Amino acid sequence: MPTPVTISLDAMGGDHGPSVVVPGIRSYLSAHDGEGVRFLLHGDETQIRAHLARCNLPADIIDIHHTEKVVAMDERPAQAMRRGKGSSLWNAIEAVKTGEAGGVVSAGNTGALMAIAKLILRMSAPGLERPAIVASWPTFKGHTAVLDVGANIGSDAEQLVEFAIMGEAFQAAVRGVARPTIGLLNVGSEDMKGNEQVKEAHAILRDGPFDLNYHGFVEGDDIAKGTVDVVVTDGFTGNIALKTAEGTARYISALLKEALTSNLQSKLGAAIAMPALKKMRQKIDPSAINGGPLLGLNGIVVKSHGGADAKGFGNAIRIAVDLARSDYMSKVGDNLGKLDAVFDHAKSAAPVGETIQ
């Protein structure tokens, strides 16, 4: 029997609120084994029940926690932290802290989600300033986890190793990879290349006491090749790589559309090829895979795209369920403890008057 799990949902978040969140539950149940999964829906009860009636979902798997308060999609994180208590977003996250739920999914304001989740759940590692955002990147071999893709602009060596630990546990939990390979994104594969933070992280991952399948340095083209299962980088570089890939995917799609609508013969061919073309777009665009976990928190938080459809939201639910049912949290905790020991030993071994950066 699958492990029972409850997922907390911000029913009012995103561009469409319960009109996508509720059908998203139905999509998840249709596409995956939903046995043992229950849902806490936070938001306007009248609206939620209207959509539940249309979707004909089993009443015994749904609990509604009513609130009329909503964090707006354009609300600043600082304002959301001050005024968000009692909102659907706040209450959905708090359900994870109290143990009512094993994970939370929201399509709401990204900055507010990150700020409130950090405030309520706290970080699992002292050195992390913000949670790391992981992207499931389509490759020739399946999907590679890339992190961070925008939350932490600058990262020191310790934080890069933390990303590796979290990314490895995520890929094992969500993709079922037994021993995910890990690569550190760099400008070359040679040991002498890269900045000091990258080279120090490389040495720790290579020589540290972690049970990690560390591959070494990888370059930008290795991401799409699927050279490794997890690619680690700072949020500045990761976000540029992600936006570049998304822009390239849109550019290729636009070129194909232009070519396939240039004349009647091309349009007839396009109609026949459309299913394959849509599948190709999903293969080359990292943003097509909905559901980005915020890793590094003391709890499971998954961000859905604000404009996601029901199928996309259902996929975000799947990721939250997989993480909640896995040993992700304990595995990360064990290896973060080993990392602390590595840095404590380095500090104690440093000559008097010197500090470990």
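Residues numbered from 1 in each chain as written. Predicted model: local features only at pLDDT ≥ 70, side-chain atom pairs only at ≥ 80, totals over all residues. Heavy atoms only, no water.

Caption draft 1: Quick peek at the pattern of salt bridges. Across all of its chains, the model carries eleven salt bridges by this definition. When the shortest N-O distance is used, the salt bridge between Lys193 and Glu190 registers 3.4 Å. Accessibility expressed as a relative area gives 34% for Lys193, which makes it partly exposed. Taken together, the shared-partner salt bridges in this structure form one network comprising Asp191, Arg206 and Asp207. (Salt bridge = Lys/Arg side-chain N within 4 Å of Asp/Glu carboxyl O. Buried < 20%, exposed > 50% of the residue type's maximum accessible area, 1.4 Å probe, protein only.)

Caption draft 2: Here's a closer look at the layout of surface pockets. Approximately 460 Å³ is the volume attributed to the second largest pocket. Looking at the second largest pocket, it is lined by 23 residues, and the ones nearest its centre are Ile133, Val149, Leu242, Lys303 and His305. Counting only elements with at least two residues in the lining of the second largest pocket, the list comes to helix 5 (110–121), strand 6 (135–139), helix 9 (235–260) and strand 11 (292–295). Its residues assigned to classes, the lining of the second largest pocket comprises ten nonpolar, ten polar and three charged. (1 Å grid on protein atoms, 1.4 Å probe; cavity = no way out; pocket = protein on both sides within 12 Å on 5 of 7 lines; lining within 4 Å. Points joined across faces, edges and corners; volume = space filled by probe spheres on them. Helix = DSSP H or I, 4+ residues; strand = E, 2+ residues; numbered from the N terminus. Nonpolar A, V, L, I, M, F, W, Y, C, P; charged D, E, K, R; others polar.)

Caption draft 3: Structural context of the packing of aromatic side chains. If you walk through the whole model with that rule in mind, you get one aromatic pair. Ring geometry for Tyr28 against Phe39: centres 6.4 Å apart, planes inclined by 80°, an arrangement best described as edge-to-face. Highlighted residues: Tyr28 in helix 1 (residues 18–31) and Phe39 in strand 2 (residues 37–43), separated in sequence by eleven residues. Judged by relative accessible area, Phe39 falls into the buried class, the value being 1%. (Phe/Tyr/Trp six-rings, centres within 6.5 Å; stacked < 30°, edge-to-face > 60°.)

Caption draft 4: Focus on the side chain of Ser87. Locating Ser87 in the fold gives a position in the loop between helix 3 (77–83) and helix 4 (88–97). Setting aside residues no more than four positions away along its own chain, Ser87 makes contact with Thr67, Lys69, Val70 and Val71. (Contact = heavy atoms within 4.5 Å.)

Caption draft 5: Geometry of the nonpolar core. Ranked by internal contacts, the top residues of the largest apolar core, which has 64 residues, are Ile7, Leu9, Phe39, Leu41, Phe170 and Tyr328. The dominant element in this core, judged by the number of residues it contributes, is helix 6 (residues 157–175), at eleven residues. Discounting residues that sit within four places of it in the chain, Phe170 has contacts with Val134, Ser136, Ala145, Arg175, Pro293, Leu295, Ile319, Leu323 and Tyr328. The next biggest cluster of nonpolar side chains, apart from the first, holds 35 residues, and it includes Leu89, Ala101, Met123 and Ile133. (Core = buried A, V, L, I, M, F, W, Y, C linked by side-chain atoms within 4.5 Å.)

Caption draft 6: A look at the confidence of the model for the protein chain. Confidence in the prediction of the protein chain, expressed as mean pLDDT, is 87, and 91% of residues score 70 or more. In this model, residues 352–357 is a region of pLDDT below 50 whose contacts with residues beyond four sequence positions or in other chains number four contacts. (pLDDT = per-residue confidence, 0-100.)

Caption draft 7: Summary view of a positive patch on the surface. Together, Lys97, Lys118, Arg122 and Arg130 make up a positively charged patch on the protein surface. Relative to the elements of secondary structure, Lys118 occurs in helix 5. (Patch = residues over 30% accessible without salt bridge, like charges linked within 9 Å, V, L, I, M, F, W, Y side chains within 5 Å. Areas by Shrake-Rupley, 256 points an atom, 1.4 Å probe, with all protein chains shown as cover. Lys, Arg positive; Asp, Glu negative; His and termini not counted. Charge placed at Lys NZ, Arg CZ, Asp CG, Glu CD.)

Caption draft 8: Quick look at the pairing of strand 11. Here strand 11 shows two buried faces, one formed by Gly292 and Leu294 and the other by Pro293 and Leu295. Here strand 5 (residues 132–133) runs beside strand 11; their pairing, made up of two bridges, is antiparallel. Paired with Ala132 across the two strands is Leu295, which belongs to strand 11. Bridging between strand 11 and strand 12 (residues 301–303) involves two bridges; their strand directions are antiparallel. Pairing of Gly292 across the sheet is with Lys303, part of strand 12. In this antiparallel pair of consecutive strands, strand 11 and strand 12, the connection spans five residues, and Gly296 shows a positive phi of 110°. (Pairing = 2+ DSSP bridges.)

Caption draft 9: Main features of the sheet that holds strand 12. One open sheet accounts for seven strands, arranged 3-2-1-4-12-11-5; its pairing is mixed. What marks the edges here is a single partner per strand, and that holds for strand 3 (62–66) and strand 5. Its contacts with the sheet put helix 5 on strand 4 (103–106), strand 5, strand 11 and strand 12, and the angle it makes with strand 12 is roughly 175°. (Axes fitted to C-alpha atoms, helices over the stretch in contact; angles between N-to-C directions.)

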